[in-house]
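Chains, contacts and geometry: an overview
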Amino acid sequence: MNEQPKIGVFKYSCCAGCEFQLIYFQKHVIDMFEKTQITYCRMLQSGGHPEGPFDVALIEGAITEQWQADQLNRVRAVSRYLIPIGSCAVCGGVPAIKNTTEEQEIEKRVYTDTSLVHSMKTGAINDYVKIDGAVKGCPMGVRDLSELVISLLLDKRPEFVNCSVCVECKLAANICVLVAYNEPCMGPVTNAGCGALCPGHHRACYGCWGPMEDANAWALAGQFRLMGLTNDDIHRKFTEFGQPTTQWKAGQIK
Ligand code: SF4
Ligand code: SF4
Ligand code: SF4
């Protein structure tokens, strides 16, 4: 690639923590981005040109409104690579908790007048468009983000981490909190990338990196039952970062 790659950053329903991670917190990532042009990012001062074209579109947040889905389709059409960043975009994340109730039930608890609320069922980015990989995490992981940017600069397809948190946990020689302390750890079904941060501090993983491919949610839910968790407890664990269409579905049955 001779010209500097053009990057567009789009934000939908989320806390914007991944964009903060991208722009403010990771100096070495910013250094890498100096070799690129960020031609659209509303969080940056000048905003830019949302119409593209983009070598890579980074998409933060889940889809909860129709205008977002419409814009996302337009972005896909003008982008070489389209990559969701962070759990909200990759698997629905926290915004998808609302999918566990009837539509409008949550809205009615918060607003006296819901006529101005146009929210629809939460969807991940790949529910709407083809994606070319994913930078998982809440906020997104810097290792996968670095892989993405370096691959872009080298004009090669990025390869993302695709195994469970348990793999990283074993590599770090952590004590297993599930086996040793009977803690209901989501590590066996959660995608790696954080370096087993929570078990490394003797805490159970709560799944913020979202579901790993081929996760055996059914088996882990069965283990949680043996450990004394109620069906409601298990349902909450499997819906905190995984909307009902993901690989954690088997753990979401009450
Ligand atoms: S993935 Fe986490 S940090 Fe990123 S936007 Fe969603 S809630 Fe915020
Ligand atoms: S502590 Fe959790 S992540 Fe680590 S090995 Fe045990 S179950 Fe897996
Ligand atoms: S151990 Fe689990 S909850 Fe903790 S940061 Fe990693 S993926 Fe998130």
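Please read all numbers here as calculations on a predicted model, not as lab measurements.

From N to C terminus, the protein includes 10 helices and 5 strands. Against the compact-globule benchmark of 18 Å for 254 residues, the protein has a radius of gyration of 19 Å, which places it among compact chains. Its C-alpha atoms give the protein principal-axis dimensions of roughly 55 × 50 × 25 Å. A burial count over the protein gives 43% of its 254 residues as buried. Long-range pairs, those at least 24 residues apart, make up 71% of the contacts in the protein with a sequence separation of at least 6.

Close contacts around ligand 2 come from 13 residues, with C166, C169, C176, C185 and G187 the closest. Put simply, the parts of the chain that give the shell around ligand 2 at least two residues each are α7 (165–171) and α8 (177–181). The element contributing the most residues to the shell around ligand 2 is α7, with 3 residues.

Each regular strand shows side chains that alternate between the opposite faces of the sheet. When you tally the buried positions in strand β2 (residues 37–41), you get 4 out of 5 residues, the bulk of the element. Both strand β1 (residues 6–11) and β2 contribute to a ladder of 4 bridges, which runs parallel. Paired with I7 across the strands is I38, a residue of β2. Of the strand pairs in this sheet, β2 and strand β3 (residues 47–48) are connected by 2 bridges, and their pairing is antiparallel. Each residue of the ladder has a partner; that of C41, found in β3, is G47.

So, about the pairing of strand β5 (residues 79–85). Extensive coverage of β5 is indicated by the burial of 5 of its 7 residues. With 6 bridges connecting them, strand β4 (residues 54–60) and β5 associate as parallel partners. Counterpart to F54 in the pairing with β5 is S79. Between the parallel pair β4 and β5, the chain is carried across by helix α3 (residues 66–77), and the sense of this crossover is right-handed.

With respect to the helices, strands and loops of the structure, C41 is situated in strand β2. Taking the number of C-beta atoms within 10 Å as the measure of exposure, C41 has 21 and is therefore buried. Setting aside residues no more than four positions away along its own chain, C41 makes contact with V9 and G48.

Looking now at the domain arrangement of the protein. Domain parsing of the protein yields domain 1 (6–154) and domain 2 (165–252). Averaged C-alpha coordinates put domain 1 and domain 2 at centres separated by 25 Å. For the side of domain 1 that touches domain 2, the secondary structure elements donating two or more residues are α4 (87–91) and α6 (142–154).

What follows deals with the sheet that holds β3. With mixed pairing, the 5 strands of this open sheet are ordered in space as β3-β2-β1-β4-β5. Only two strands of the sheet have a single partner each, and these edge strands are β3 and β5. Against the sheet, α3 touches β1, β4 and β5, its axis set at about 135° to β5.

About the criteria used
Residues numbered from 1 in each chain as written. Chains lettered and ligands numbered in written order. Predicted model: local features only at pLDDT ≥ 70, side-chain atom pairs only at ≥ 80, totals over all residues. Helix = DSSP H or I, 4+ residues; strand = E, 2+ residues; numbered from the N terminus. Rg over C-alpha atoms; globule rule 2.2 N^0.38 Å. Buried ≥ 20, exposed ≤ 12 C-beta atoms within 10 Å, placed from the backbone. Contact = placed C-beta atoms within 7 Å. Near = placed C-beta within 6 Å. Pairing = 2+ DSSP bridges. Right-handed = clockwise from strand over helix to strand, strands pointing away. Domains from an automatic or database assignment. Axes fitted to C-alpha atoms, helices over the stretch in contact; angles between N-to-C directions.

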